Structure formats: C-alpha cells, structure tokens
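# Secondary and tertiary structure notes
This is what each chain is made of:
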Amino acid sequence: MSLGIFLLSLILAGVLSGGRTFVSPFAPAADVAQFYRDNVAAARVQGLLLFGSAVPLGIFAATVYARQLRLGIKVPGPAIGYFGGITAAIFLMFSGLLTWLLSRPEITTDITLTQALAFLAFATGGVGFVVGLGLLVAGLAVPALILKFVPRWLAWAGLVVAALSELSFLSLGLEPLQFLLPIGRFAGMLWLVAVGFLLPVNRAAANRIPGSVDPGGAPTRTAAARRTQS
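Residues numbered from 1 in each chain as written. Predicted model: local features only at pLDDT ≥ 70, side-chain atom pairs only at ≥ 80, totals over all residues. Heavy atoms only, no water.

## A word on the nonpolar core
Nonpolar side chains in soluble globular proteins tend to be buried together. The biggest cluster of nonpolar side chains holds 32 residues, and the ones touching the most others in it are Phe-129, Leu-133, Leu-136 and Trp-191. Elements with a minimum of two residues in this core: helix 3 (40-70), helix 4 (77-101), helix 6 (111-147), helix 7 (152-167) and helix 8 (180-198). Ranked by residues supplied to this core, first place goes to helix 6 with 11 residues. Discounting residues that sit within four places of it in the chain, Leu-133 has contacts with Leu-57, Gly-84, Ala-88, Gly-184, Arg-185, Gly-188, Met-189 and Leu-192. Judged by nonpolar contacts, the second largest core, of 12 residues, contains Val-23, Val-32, Leu-117 and Ala-121. (Core = buried A, V, L, I, M, F, W, Y, C linked by side-chain atoms within 4.5 Å. Buried < 20%, exposed > 50% of the residue type's maximum accessible area, 1.4 Å probe, protein only. Helix = DSSP H or I, 4+ residues; strand = E, 2+ residues; numbered from the N terminus. Contact = heavy atoms within 4.5 Å.)

## Quick notes on the pattern of salt bridges
Counted according to the given criterion, the structure contains 1 salt bridge. The shortest N-O distance in the salt bridge between Arg-104 and Glu-106 comes to 3.3 Å. (Salt bridge = Lys/Arg side-chain N within 4 Å of Asp/Glu carboxyl O.)

## Remarks on the confidence of the model for the protein chain
Caution applies to low-pLDDT parts of the model: their predicted coordinates are not meant to be read in detail. In the predicted model, the protein chain carries a mean pLDDT of 83, and 83% of its residues have values of at least 70. Per-element mean pLDDT across the protein chain ranges from 38 in helix 10 (residues 221-229) up to 94 in helix 7. Scored below 50 in pLDDT, residues 215-230 shows 23 contacts in the model against residues more than four places distant or in partner chains. (pLDDT = per-residue confidence, 0-100.)

## Points about the side chain of Thr-99
For Thr-99, the location among the structural elements is in helix 4. A polar contact of 2.8 Å, which involves the side chain of Thr-99, links it to the backbone oxygen of Ser-95. Setting aside residues up to four positions removed in sequence, Thr-99 forms contacts with Ala-43, Gln-46, Gly-47, Leu-50 and Ala-121. (Polar contact = N/O pair within 3.5 Å; in protein donor to acceptor, adjacent residues only side chain to side chain.)

This is the structure in structure tokens:
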C-alpha cells in the first residue's frame, strides 16, 4: 500500500503541475522558489500523500518483525529490519511535512528559506528514507536466505538492493551517486512487496518449505524426510 500511495503522489503531482518535473533543490534558489509558488496544489498533494504513505510502511515493518519472531528467528536481523523500517517511515513523514510546507505561499516568499526546506525534503525523503529502507530489506533478506524462506535468487536480490541503498549515503558528498536513490527506493519497495507475499506466516508454514531449516539449524520435517527416503 505504501508503494501504491507513493506512486499516486507522483502521478497526481505530475498532473497538477502540468507534467513538469519537480525542481531539484540544487537548482538556483530563485528557480526553486518560483516552482513552488507556481505549483502550490502539486506540492500540497504530494506532501500529503508522502506523509500518508509512511503509515503503511511502518505497519509493514512491525508486521514482518512480529512474523519473524513467530518463526523463531533469534538473530539480529528482525530487530535491524524493524529499526530500518521505522526509520524510513519517520523520514518519509518528515519529507511529506516539509513538502507540504513548501506549498504555503507565505513560506515561498523567502527564497533562501524555500531552498533550505527543499534541501531538507530531499535529504529526508531521499538519503534518510532509502538508507532506512535498505536496513529493512537487509533485515528480511539475510534470515530469508539462510533459512530458505524465499527463493534464493530473491534473497540475493534483496541483499544487492540493501547494499546499494546503504551506499546511497555517499551521495551527500558525491552528487553523481544520487542515481542510487531511485534504485534503492523503487527496487526496495518492489522487493518488499514480493517478500511480503512469500514470507511464511508461522513455523508450521515454514516447515512445509522444502529444504528449509529451523532457526537452530536443524532440518525441517520436510527436509529430514527427504533425506530419510533417499
């Protein structure tokens, strides 16, 4: 749901701004302020929906954390993922509120303040959100790979996405690395959608996954039975 609301924010913002791309905070301050003065409705709707999309993300983080505990996972992964998910949700809320502030005409009359808020919205909704999301992905991918809760290729894909997301913090000093931000955002959200459907809901469901092992390292009943029969 978080991904759907976020995509809706992009679509509606694009429609309300007449198809114009949101101005980069790195543009001249006068251009940034002029863009937000000319596109009040687009900024307001996007800010509102960004804030709203953070809520289901936080719920998802709490849900998968509880699900991993039910599966008996006793490694740091679930706690790391939970921390990352809540961090990403909070940063996304901040980004939404800052974007909403940029829709206020009394704010955009101050060019310097407008650019400062645009930078804050970019930093919280970009690096802050993506780094947190990467931790959520990593916290799910590592246990899922070890315990074979999801297909191996999907778990490895999650680890790659998580690594790229964590490296995105380097874009704060090296602007060319900002391409990592959309990769981490969209690939990370799509990966979470896939894993949300595939992750077992309890130990009984996990034990039915061929080749999986329990958190203590012992084979599941299915895997043990296969070896016995062979």
